[in-house]
Amino acid sequence: DTWLEWVCGTSLHPILRDFCSSLADLRNLMELYKRIRWEMPERARFLRGGRLTRTSLADALGAGDRAVMADLLRRFPGTEGDADPSANPEHYLLRGMRRSLRMQSLELSGYGQFIEYLWLVYVETVNMGILLESGKLDRQSAAEELLR
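Since this is a predicted model, take the numbers as computed values, not measurements.

Conventions and cut-offs
- Residues numbered from 1 in each chain as written.
- Predicted model: local features only at pLDDT ≥ 70, side-chain atom pairs only at ≥ 80, totals over all residues.
- Heavy atoms only, no water.
- Helix = DSSP H or I, 4+ residues; strand = E, 2+ residues; numbered from the N terminus.
- Contact = heavy atoms within 4.5 Å.
- Core = buried A, V, L, I, M, F, W, Y, C linked by side-chain atoms within 4.5 Å.
- Buried < 20%, exposed > 50% of the residue type's maximum accessible area, 1.4 Å probe, protein only.
- Patch = residues over 30% accessible without salt bridge, like charges linked within 9 Å, V, L, I, M, F, W, Y side chains within 5 Å.
- Areas by Shrake-Rupley, 256 points an atom, 1.4 Å probe, with all protein chains shown as cover.
- Salt bridge = Lys/Arg side-chain N within 4 Å of Asp/Glu carboxyl O.
- Lys, Arg positive; Asp, Glu negative; His and termini not counted.
- Charge placed at Lys NZ, Arg CZ, Asp CG, Glu CD.
- Disulfide = S-S within 2.5 Å.
- Axes fitted to C-alpha atoms, helices over the stretch in contact; angles between N-to-C directions.
- Nonpolar A, V, L, I, M, F, W, Y, C, P; charged D, E, K, R; others polar.

(A) Highlighting the side chain of Ser21. Tracing the backbone through its elements, the reader meets Ser21 in helix 2 (residues 14–37). Not counting the four nearest positions on each side in its chain, Ser21 is found in contact with Cys8, Gly49, Gly50 and Arg51.

This is the structure:
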């Protein structure tokens, strides 16, 4: 967390800055979701550096309202359509990240292609871990866990 906040505060190529900001937002939104879901309204430590302000995240946590959280989810880059406030937003956010990176990969400097490649390797690694552990899960449950 400290490293990500530090990187977000440095001078980066716009593609790298957007990626790091998106990671901070993803972490913050997942923190918000978990605290609302588990009814843990005490003060959360939201990361600096994202596009979503820590104040707006704290206000959403204070409200404890999943509809407010759904509004914040829709502001995440690459997301489309309505966010389901009752569902775990992780896959919704990761699909948004994937769409955003796909669009940025068209940028000519090569940074977008590099970040998209690293993201694809990350997703493949996570999915391989899920598949290795899926012997304990039924086929449908394992398929639902895979990142796309």
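(B) View of the nonpolar core. Counting 29 residues, the largest nonpolar core has Leu29, Leu32 and Leu93 as its most contacted members. Those elements that place two or more of their residues in this core are helix 2, helix 3 (54–63), helix 4 (66–74), helix 5 (90–104) and helix 6 (111–133). In terms of residue count, the dominant contributor to this core is helix 2 (eight residues). Those residues within four positions of Leu29 in sequence are excluded, and the remaining contacts are Leu52, Leu57, Leu72, Leu73, Phe76 and Leu93. Counting six residues, the second largest nonpolar core, distinct from the first, contains Leu4, Val7, Cys8 and Ala24.

(C) Representation of a negative patch on the surface in the model. Together, Glu90, Asp138, Glu144 and Glu145 line one region of the surface with negative charge. Among the secondary structure elements, Glu144 is positioned in helix 7 (residues 139–145). We classify Glu144 as partly exposed; its relative accessible area is 49%.

(D) Region of interest: the environment of Leu57. Note on placement: Leu57 falls in helix 3. Looking at Leu57, the relative accessible area reads 0%, which means it is buried. Along the sequence, Leu57 and Leu73 sit 16 residues apart, while their C-alpha atoms lie 11 Å from each other. Residues in contact with Leu57, not counting those within four places in the same chain, are Asn28, Leu29, Leu32, Phe46, Leu52 and Leu72.

(E) Representation of the state of the cysteines within the structure. Here the structure, examined in full by the defined rule, presents zero disulfides. Free cysteine: Cys8, not disulfide-bonded; nearest cysteine sulfur from Cys20 at 5.2 Å. With relative accessibility at 15%, the residue Cys8 sits in the buried group. By relative accessible area, which is 9% here, Cys20 ends up buried.

(F) Just the packing of helix 2 against helix 6, in detail. One way to put it is that helix 2 packs onto helix 6 with a least axis distance of 9 Å and a crossing angle of 35°. Contacts between helix 2 and helix 6 involve Ile15, Leu16, Phe19 and Leu23 on the former and, on the latter, Tyr111, Gly112, Ile115 and Trp119. Taken together, the residues of the contact of helix 2 with helix 6 break down into seven nonpolar, one polar and no charged.

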